[in-house]
Amino acid sequence: MTETAIYVEGLAKRFGEVVALDGIDFAVPAGTVFGLLGPNGAGKTTAVRVLATVIPPDRGRAEVLGHDVRRAAEAVRYRIGLAGQNAAVDPNLTGRENLRLIGRLTQLPSRTIEVRATEILGRFGLADAADRPVRTYSGGMRRRLDVGAALVHRPPVLFLDEPTTGLDPEGRNELWSVIRELVADGTTVLLTTQYLEEADRLADRIVVIDKGRVIADDTPAALKSRLGSTVTELGIGSEEEAARAASLVVGVPESRSESDGPILRITSQDAAKVLIEVLRTLDANGITPTTLSVRQPSLDDVFLALTGKHVEEEPPADRREMAKAGAR
Ligand SMILES: Nc1ncnc2c1ncn2[C@@H]1O[C@H](COP(=O)(O)OP(=O)(O)O)[C@@H](O)[C@H]1O
Ligand SMILES: [Mg+2]
C-alpha cells in the first residue's frame, strides 16, 4: 500500500473578507510529484503556508505524513522543506555559508552540515560557485540554492512555491532536472505553478485551483486529453468573420474550435491533420487567414476548457507578499 504523504480535506482559510481557500481536498501519495496549478490569487501559496504550518487553517484537515498541521506542527516542520517564491538566501554570504547557516538553524552537528553542504552544492551544479557570494549568482543558481537550502535537513516532503517563476528557459530546465532527481530519491514534492507545461512535465497528478476551489484533479495525460495537446490560432480579418469561421469548422473531427475576437482558436491532438481540413473548409467559404500560430496549451486554455472562461488574474502578489512577509 502506498503511504499518503500529504492529505488535505475541506481545507478553508480566509483573510478578512477574502476567501483564499474555500474547502479544498487532495491527497498526495509518497514519492510522487503533485502539481497545484492556478493563476495569481488562486490560493496556492495559502495552501502551502497552511501545510508548512506557517499559518493555521480556519476549517478542515491538513496532514503531512500522518501528522496534523495544527496538533503536531513540530512533527510536520521536522519532516518538510519549503522553498518559496522569494529566495530566502542571503546574497552577501556564499552558497556554502548560506547552507551552513541553515544547517545550524536546524541544529545539525557541524560535521554533518559540512558533508551535506558539499553534497547539495555538487548535486545542484553549484560546486564551482560554492565560495562566491550569492549576489554574483544568476537567477537560476539562486533558485537552486534556495531549493538546496530547504533540503539540508533531508526532509521527506518538499514544498516548492512557484519554483521557476521569473526564470529563463535554461534556469527552468536546470531546476526541473533537480526536482526530478529528488523524486527519484524518494522525496515527495508538492509544487505550485502557473505553467501548465511545468505541471505536465513534472507532476504525476495535477490539481487545478481557482478562487480557492479545486476545478480539476487529474493526471497530466487525462487533463491534456480533455484539453488537446496543441493550440492553433488563426488570425481572421474581423470578429464577425472569425465567428463565422468558427461555426464553419465546428464539425471538424477531433478538434474544438472557438472564436475569440478576430482569432479562430483550434485545440486538437493532431494539429497537422486538423489544420488541413480547417484550411480547406475556410478556403471553400472564401475565408483566408492572415496569421497562423501554433503553441502548447497554457493555463488560460485549461481554464477555457474547464470553465468556459478566461483566467481572471489578480495582479502579481509579489509586492504585497513581500510587505506581508516583512510584517510577520
Ligand atoms: N496575508 C494575507 N492577507 C490578506 N489577503 C491575503 C493574504 N494572503 C493571501 N491573501 C489573498 O488570498 C488570496 C489567495 O492568495 P494566494 O494564496 O497568495 O494565491 P496564489 O499563491 O495562488 O497567487 C488572494 O486573493 C490574496 O490576495
Ligand atoms: Mg503564490
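### Points about the overall build of the protein chain
Now for step 1: Per the secondary structure count, the protein chain includes 12 helices and 14 strands.
Now for step 2: Summarising its shape, the C-alpha atoms of the protein chain cover approximately 75 × 45 × 45 Å along the three principal directions.
Now for step 3: Here the analysis covers contacts within the protein chain between residues at least 6 apart in sequence; of these, 68% occur between residues at least 24 apart.

### Section: the sheet that holds strand β4 (residues 59–64)
Now for step 1: A sheet is described by the order of its strands in space; here four strands give the open sequence β2-β1-β4-β5, paired in antiparallel fashion. Taken across any chain shown, the strands that pair with only one partner, and hence form the sheet edges, are β2 (18–29) and β5 (67–68).
Now for step 2: Here five bridges tie strand β1 (residues 4–15) to β4, and the two strands are oriented antiparallel to one another. By the bridge assignment for β4, Val8 is matched with Ala62.

### With respect to the pairing of strand β10 (residues 213–218)
Now for step 1: Pairing geometry for strand β9 (residues 205–210) and β10, over five bridges, is antiparallel. In the sheet register, Asp210 faces β10, and the bridge partner there is Arg213.

### Brief notes about the nonpolar core
Now for step 1: Ranked by size, the top nonpolar core spans 68 residues in total, and within it Ile6, Leu37, Leu51, Val64, Phe159 and Leu190 carry the most contacts.
Now for step 2: Ignoring any residue separated from it by four or fewer positions in sequence, one finds Leu190 in contact with Ile6, Val28, Phe34, Leu36 and Phe159.
Now for step 3: Core analysis: the second largest hydrophobic core is formed by 10 residues, Ala242, Val249, Ile266 and Leu282 among them.

### Describing helix α11 (residues 299–307)
Now for step 1: Regarding α11, the residues found buried are Leu299, Val302, Phe303 and Leu304.
Now for step 2: Of the residues one or two after α11, Gly308 is the one with positive phi, at around 75°.

### Topic: the packing of helix α3 (residues 95–105) against helix α5 (residues 139–149)
Now for step 1: Here α3 crosses α5 at 25°, and the two axes come no closer than 10 Å. The angle between α3 and α5 places the two elements in the roughly parallel class. Classified by chirality, the crossing of α5 by α3 is right-handed. Between α3 and α5, the residues in contact are Gly95, Asn98, Leu99 and Ile102 and Leu145, Gly148 and Ala149, respectively.
Now for step 2: Counted by class, the contact of α3 with α5 contains four nonpolar, three polar and no charged residues.

### Focus on the confidence of the model for the protein chain
Now for step 1: Residues of the protein chain with pLDDT of at least 70 account for 94%, and the chain-wide mean is 90.
Now for step 2: Under a pLDDT of 50 for its full length, residues 319–328 has, in the predicted model, two contacts with residues more than four places off or in other chains.

### Description of unusual backbone geometry
Now for step 1: In this model, Thr53 sits at a positive phi of 65°, which is unusual for a non-glycine residue.
Now for step 2: Residue position: Thr53 is located in the loop between α1 (44–51) and β4.
Now for step 3: Located in the positive-phi region is Glu254, a residue other than glycine, with phi close to 55°.
Now for step 4: Its place among the elements puts Glu254 in the loop between α9 (239–249) and β12 (255–260).
Now for step 5: Note on Glu254: 12 C-beta atoms within 10 Å, which makes it exposed.

### Quick look at the pairing of strand β8 (residues 188–193)
Now for step 1: When you tally the buried positions in β8, you get six out of six residues, the bulk of the element.
Now for step 2: Residues of β8 alternate between two faces, with Thr188, Leu190 and Thr192 on one and Val189, Leu191 and Thr193 on the opposite face, all of them buried.
Now for step 3: In terms of strand pairing, strand β3 (residues 33–37) meets β8 through five bridges, oriented parallel. Its bridge partner lying in β8, Leu37 is registered against Thr193.
Now for step 4: Across five bridges, the pairing between strand β7 (residues 157–161) and β8 is parallel. Bridging from a neighbouring strand, Leu158 pairs with Val189 of β8.

### A few points about the environment of Thr192
Now for step 1: Looking at the element boundaries, Thr192 is found in strand β8.
Now for step 2: On a C-alpha basis, the gap between Thr192 and Val50 in space is 14 Å, while along the polypeptide they are 142 residues apart.
Now for step 3: Each residue touching Thr192, except ones within four places of it in the same chain, is listed here: Leu36, Lys44, Thr45, Val48, Asp161 and Glu162.

### A look at the packing of α5 against helix α6 (residues 169–184)
Now for step 1: One can describe the packing of α5 onto α6 by two numbers: an axis separation of 9 Å at closest approach and a directional angle of 20°. Viewed along their axes, α5 and α6 adopt a mutual orientation that is roughly parallel. Read as a crossing pair, α5 and α6 show a hand that is right-handed. Every residue of α6 that contacts α5 at Gly139, Gly140, Arg143, Arg144 and Val147 is listed here: Glu170, Gly171, Glu174, Leu175 and Val178.
Now for step 2: Within the contact of α5 with α6, the residues separate by chemical class into three nonpolar, three polar and four charged.

Rules used in this analysis
- Residues numbered from 1 in each chain as written.
- Chains lettered and ligands numbered in written order.
- Predicted model: local features only at pLDDT ≥ 70, side-chain atom pairs only at ≥ 80, totals over all residues.
- Helix = DSSP H or I, 4+ residues; strand = E, 2+ residues; numbered from the N terminus.
- Contact = placed C-beta atoms within 7 Å.
- Pairing = 2+ DSSP bridges.
- Core = buried A, V, L, I, M, F, W, Y, C linked by C-beta atoms within 7 Å.
- Buried ≥ 20, exposed ≤ 12 C-beta atoms within 10 Å, placed from the backbone.
- Axes fitted to C-alpha atoms, helices over the stretch in contact; angles between N-to-C directions.
- Parallel < 35°, antiparallel > 145°, perpendicular 65-115°, else oblique.
- Left-handed = near helix turned anticlockwise from the far one by under 90°.
- Nonpolar A, V, L, I, M, F, W, Y, C, P; charged D, E, K, R; others polar.
- pLDDT = per-residue confidence, 0-100.

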